[in-house]
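Below are the chains, spelled out letter by letter.
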Amino acid sequence: MSEAVSALDGATFEGFAKVEETGLRGMITVRGDLASKEMSAAIKAATGAAVPAQRKVTSGDKGAVAWMSPDELLVVVDYASVNETVATMTDGLKGSHALVANVSDARAVFRVSGDSSRDVLAKLAPVDFARDAFGAGDIRRSRIAQVPAAVWGNEDGSFEVICFRSVAQYVFDVLKVSAQPGGDVGFH
Amino acid sequence: MLTLQCPYCGVWAEETELHAEGEAHLKRFGPGSDDADFESYLFMRENPKGVHFERWRHSNGCGKFFHAARCTMTLEVFGTYPAQTLEPPQDIKDKISAKQPGWSWRDFS
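How each quantity is defined
- Residues numbered from 1 in each chain as written.
- Chains lettered and ligands numbered in written order.
- Predicted model: local features only at pLDDT ≥ 70, side-chain atom pairs only at ≥ 80, totals over all residues.
- Heavy atoms only, no water.
- Helix = DSSP H or I, 4+ residues; strand = E, 2+ residues; numbered from the N terminus.
- Rg over C-alpha atoms; globule rule 2.2 N^0.38 Å.
- Buried < 20%, exposed > 50% of the residue type's maximum accessible area, 1.4 Å probe, protein only.
- Contact = heavy atoms within 4.5 Å.
- Areas by Shrake-Rupley, 256 points an atom, 1.4 Å probe, with all protein chains shown as cover.
- Lys, Arg positive; Asp, Glu negative; His and termini not counted.
- Charge placed at Lys NZ, Arg CZ, Asp CG, Glu CD.
- Arc of directions from axis to C-beta.
- Pairing = 2+ DSSP bridges.
- Axes fitted to C-alpha atoms, helices over the stretch in contact; angles between N-to-C directions.
- Domains from an automatic or database assignment.
- Buried area = accessible area lost by both parts, 1.4 Å probe.
- Salt bridge = Lys/Arg side-chain N within 4 Å of Asp/Glu carboxyl O.
- Parallel < 35°, antiparallel > 145°, perpendicular 65-115°, else oblique.
- Left-handed = near helix turned anticlockwise from the far one by under 90°.
- Phe/Tyr/Trp six-rings, centres within 6.5 Å; stacked < 30°, edge-to-face > 60°.
- Lys NZ or Arg CZ within 6 Å of the ring centre and 35° of its normal.

Description of the overall build of chain A
When helices and strands are tallied, chain A shows four helices and 11 strands. Against the compact-globule benchmark of 16 Å for 188 residues, chain A has a radius of gyration of 17 Å, which places it among compact chains. Put simply, chain A has 188 residues, and 49% of those count as buried. Across chain A, every contact between residues at least 6 apart in sequence was considered, and the portion connecting residues at least 24 apart equals 60%. For chain A, the computed accessible surface area is about 8800 Å², with 50% contributed by carbon and sulfur atoms. For chain A, the centre of its 19 positive side-chain charges and the centre of its 24 negative side-chain charges are spaced 4 Å apart.

With respect to helix α4 (residues 168–178) of chain A
What α4 of chain A keeps buried is the set Ala 168, Val 171, Phe 172, Val 174, Leu 175 and Ser 178 of chain A. Along the axis of α4 of chain A, the buried residues cluster in a sector spanning 165 degrees; they form a single face.

Quick notes on the sheet that holds strand β4 (residues 57–59) of chain A
All names here are of chain A. Within the open sheet, the five strands sit side by side as β4-β5-β6-β3-β7. Their pairing is antiparallel. The open sheet is flanked by β4 and β7 (99–102), the only strands paired with a single partner. Across the sheet, the axes of successive neighbouring strands diverge by a mean angle of 20 degrees, strand direction being ignored. The pairing of strand β3 (residues 26–31) with strand β6 (residues 72–77) spans six bridges and is antiparallel.

Focus on the domain arrangement of chain A
Residue and element names in this part refer to chain A. Domain assignment breaks chain A into domain 1 (12–23 + 106–178) and domain 2 (26–105). Here the C-alpha centre of domain 2 lies 23 Å away from the C-alpha centre of domain 1. Between domain 1 and domain 2, a total of about 1100 Å² is buried, with carbon and sulfur atoms accounting for 57% of that surface. Ranking the residues of domain 1 by area buried against domain 2 places Arg 107, Ile 139 and Arg 141 at the top, with a combined share of 50%. Across the contact surface, domain 1 and domain 2 share two salt bridges. For Asp 138, the salt bridge goes to Lys 56, with nearest N and O atoms at 2.5 Å.

With respect to the packing of helix α1 (residues 37–47) of chain A against helix α2 (residues 82–92) of chain A
Residues and elements named next belong to chain A. In the contact formed by α1 and α2, the axes pass within 9 Å of each other and the chain directions differ by 160 degrees. Here α2 runs roughly antiparallel to α1, going by the angle between their axes. The way α1 lies across α2 gives a crossing that is right-handed. For the pair α1 and α2, the contacting residues are Glu 38, Ala 42, Ile 43, Ala 45 and Ala 46 in the first and Thr 85, Thr 88, Met 89 and Gly 92 in the second.

Here's the deal with the packing of aromatic side chains
Taken as a whole and assessed by the stated rule, the structure comprises eight aromatic pairs over all chains. Residues Phe 129 of chain A and Phe 159 of chain A carry aromatic rings whose centres are separated by 6.1 Å and whose planes lie at 80 degrees to one another, so their mutual orientation is edge-to-face. Here Phe 129 of chain A, found in the loop between α3 (117–122) and β9 (139–144), pairs with Phe 159 of chain A, found in strand β11 (residues 159–164); they are 30 residues apart in sequence, far enough to count as distant. Summarising the burial analysis for this pair, Phe 129 of chain A and Phe 159 of chain A share the class buried. Residues Phe 134 of chain A and Phe 159 of chain A carry aromatic rings whose centres are separated by 6.0 Å and whose planes lie at 25 degrees to one another, so their mutual orientation is stacked. Here Phe 159 of chain A lies in strand β11 and Phe 134 of chain A lies in the loop between α3 and β9, a separation of 25 residues in the sequence. For Phe 134 of chain A, a relative accessible area of 5% gives the class buried. Sitting above the plane of the Phe 65 of chain B ring, Arg 57 of chain B keeps its charged end 5.9 Å from the centroid. When the ring centre of Trp 105 of chain B is taken as reference, the NZ or CZ atom of Arg 106 of chain B above it lies at 6.0 Å.

Right, here's the structure in full:
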């Protein structure tokens, strides 16, 4: 089997905040009735996490689950275990109207870290990144400059951005420009 | 800038995150309907000065369609509501009536 590589192969940039591509990540799109018992059991079995509330991310011992829309979740696991997780979930949701799809290779993930990481993102997305409005465990689907993206906050204060793999270079470039030394606005 | 709350994800989204999708509450006339109905479904749109109902899509977000009630003259937004409905919910109608008594739009008032 061919060797899987991520979109930018772990590219990094150090400005007034650090921007890095995080490498391969297992991502599974799940659609269905989020309130159903089958869904919470399948999510629990796959990740150990509970079904997240609106615009929240929950995490368990095997991975994290992000709320994407009223009928869609994103399950984030290790790249190596993604096929196994898809199988577990497909099995768990058998008989109910649901979709489980492996989208790992269709996406790119970036991490923005450092004290001014909120400013880096706030320059690019029409989102309120104030500390009391957006923090760890929150997810927001929006846009980064001209392309759709989702951003969530990690416990350590860093942020992760997911976008389509086809626009990975574009997103990395705009994040680089936004984090360029001398461009710190010191707002957040 | 216009800011609408998406009724599905609760986000206060500004215009660049949304896409305008035309008039709300259109009744579709498809194959087999008479020509006048089909023409009015395809081409005849309201262009009011005042209360208006529009369809929007949270395109850079959850991707869902929703409806918004707003005034084209004052740019006031009366509210947004899910698209799975044939007419505006009563609480939105009440809000409009409080601000603009005697309003009407197509068959609604």
